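The primary structure of each chain is shown beneath.
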Amino acid sequence: MEQIFAIALSAILVENYVLVQFLGICPFLGVSKKVDTALGMGLAVIFVMALASAATYVVQQLLIMLDITYMQTIAFILVIATLVQLVEMFLQKAVPSLYTALGVYLPLITTNCAVLGAAVLNTQEGYNFIESVAYGTFSGVGFTLAIVLFATVRERQEFCKCPKAFEGIPMALVSASLLALCFMGFSGLSVW
Amino acid sequence: MSEPNNAPRLGKTLLNGIIFENPVLVLLLGTCPTLATSISAINGIGMGIATTVVLTGSNVVISLIRKLIPSKIRIASYIVVIATFTTIVQLLLQAYVPSLYDSLGIFIPLIVVNCIVLGRAEAFASKNGPLLSLVDGIGMGIGFTMTLAIMGLIREFLGAGTFFGIQVYPNEFAAMLMTMPCGGFLTLGCIIAAVQFIRSRGKKGAK
């Protein structure tokens, strides 16, 4: 239990995927113009990352058993792509309301490097099954936290005046930089 | 489909990737590796070259087999081709440049999900012949590498006081912040702002 708590704290704050490890920047910049779309994307990512961590753990064990761990990248990305497709089809049939809410974001997640990143980091850290799923889930929570915070900042920026050259993405990047500065403050927690 | 193989078209494709449609600065693709690996110039260039190899290789292969792939499963097929090249690069780096392999770490397998590679496969290699795709891959790769190198140089110089690893001014005066994550965002933001500024001035001049 203690271990899980430590993983959660480090995944959400200390090693936040977006602001510290630079994983999943594309959706972070792309889908953060409004808070509700950001939240939708975040939830979809949590969901897929939890599932993908579980699935890739099994695949990794299989690869080790067959002694072909060099196939890791290919196997993982295929598993993730298939998984996203399956989740999409399942949600469409079983939970249409959730499907319409997440629909647009699901296909985008295949190329979200946070998902593959979590899978690779899980094997590097040597987490067991439960730790892997916890790490995946809480990394997703960290992603959601970052993207929602960032969306609130960007919503306000709409009304601000800024130099012409900085309009749009540059301004967003500079504010992301300030947000990252805040998250640096959490790095002191890592000793624990 | 006849293939316009003349030299001007090739040159235009090459320049397109480097300047007019620079993947990072104009198309805003592949920001994750850009921010994460540009801590120093050497790292940035290493990452750029690794990505260029994957990009060029997958572009050529995809353009060769583009007529054999049914359009419904094309994305999955592209991903398999890209993942194969990524694995090759990963194993090569691990064998011959272990220091770079260690410092790039997780971002080598993540070349698979680099939007630049998949984006070029979908937008260019699936519609053009192998030669043009090769040139497009090289052009985009150079554009990406150049951006990473510039970012790496700036961050290294301001953050650690070094130039390609050589100490230029004492470490104590350096702003450590620039090698941290927030420095990455800040540098990229400023570079893109500079590019936008130059482009808007260019337009004014044309008028």
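Our structure is the block above this text.
Quick look at the structure, then. (Residues numbered from 1 in each chain as written. Chains lettered and ligands numbered in written order. Predicted model: local features only at pLDDT ≥ 70, side-chain atom pairs only at ≥ 80, totals over all residues. Heavy atoms only, no water.)

## Concerning the overall build of chain A
Just so we agree on the cut-off: Think of it this way: any DSSP run of H or I at least four residues long counts as a helix, any run of E at least two long counts as a strand, and we number them from the N terminus. Contacts are assigned to residue pairs that have any heavy atoms within 4.5 Å of one another. Only the protein chains shown count as cover for residues, and all accessible areas are computed by the Shrake-Rupley method using a 1.4 Å probe.
A tally of regular secondary structure across chain A gives 9 helices and 0 strands. The principal-axis extents of the C-alpha atoms in chain A amount to approximately 60 × 45 × 30 Å. Here the analysis covers contacts within chain A between residues at least 6 apart in sequence; of these, 77% occur between residues at least 24 apart. For chain A, the exposed area adds up to about 9,100 Å²; of that, 69% sits on carbon and sulfur atoms.

## What about the overall build of chain B?
Note the cut-off: Atoms counted for the radius of gyration: C-alpha only. Globule rule: 2.2 Å times the number of residues to the power 0.38. Only protein chains enter the accessibility calculation, which uses a 1.4 Å probe; a residue is then buried when its area is under 20% of its type maximum, exposed when over 50%, and partly exposed in between. The sign given to each residue is positive for Lys and Arg and negative for Asp and Glu; His and the chain ends receive no count. Charge positions are represented by NZ for Lys, CZ for Arg, CG for Asp and CD for Glu.
Along chain B, the regular secondary structure elements total 8 helices and 2 strands. In chain B, the succession of helices and strands from N to C terminus is α-α-α-α-α-α-α-β-β-α. Taken against the 2.2 N^0.38 rule, which gives 17 Å for 207 residues, the C-alpha radius of gyration of chain B at 18 Å falls within 12% of a compact globule. Its C-alpha atoms put chain B at 60 × 55 × 30 Å along the principal axes. Going through the 207 residues of chain B one by one, you find that 49% of them count as buried. Relative to all contacts within chain B whose residues are 6 or more apart in sequence, the contacts with residues 24 or more apart total 74%. Summed over its atoms, the accessible surface of chain B is roughly 9,500 Å², and 71% of this surface lies on carbon and sulfur atoms. Between the mean site of the 14 positive side-chain charges and the mean site of the 7 negative ones, chain B shows a separation of 16 Å.

## Remarks on the interface of chain B and chain A
Stated precisely, the cut-off is as follows: What counts as buried area is the accessible surface, traced by a 1.4 Å probe, that two parts surrender upon association, with contributions from both included. By definition, a salt bridge exists where a carboxyl oxygen of Asp or Glu is found within 4 Å of a side-chain nitrogen of Lys or Arg.
Tallying the contact residues gives 34 residues for chain B and 36 residues for chain A. Between chain B and chain A, roughly 3,000 Å² of surface is buried when both sides are summed, and carbon and sulfur atoms account for 84% of that area. Broken down residue by residue, the surface that chain B buries against chain A is led by I106, V113 and F185 of chain B, which jointly contribute 22%. Where chain B touches chain A, the interface holds 0 salt bridges. At the level of elements, α2 (31-37), α4 (74-96), α6 (115-125) and α8 (181-206) of chain B are the ones that each hand at least two residues to the side of chain B that touches chain A. For the side of chain B that touches chain A, the element with the highest residue contribution is α8 of chain B, accounting for 11 residues.

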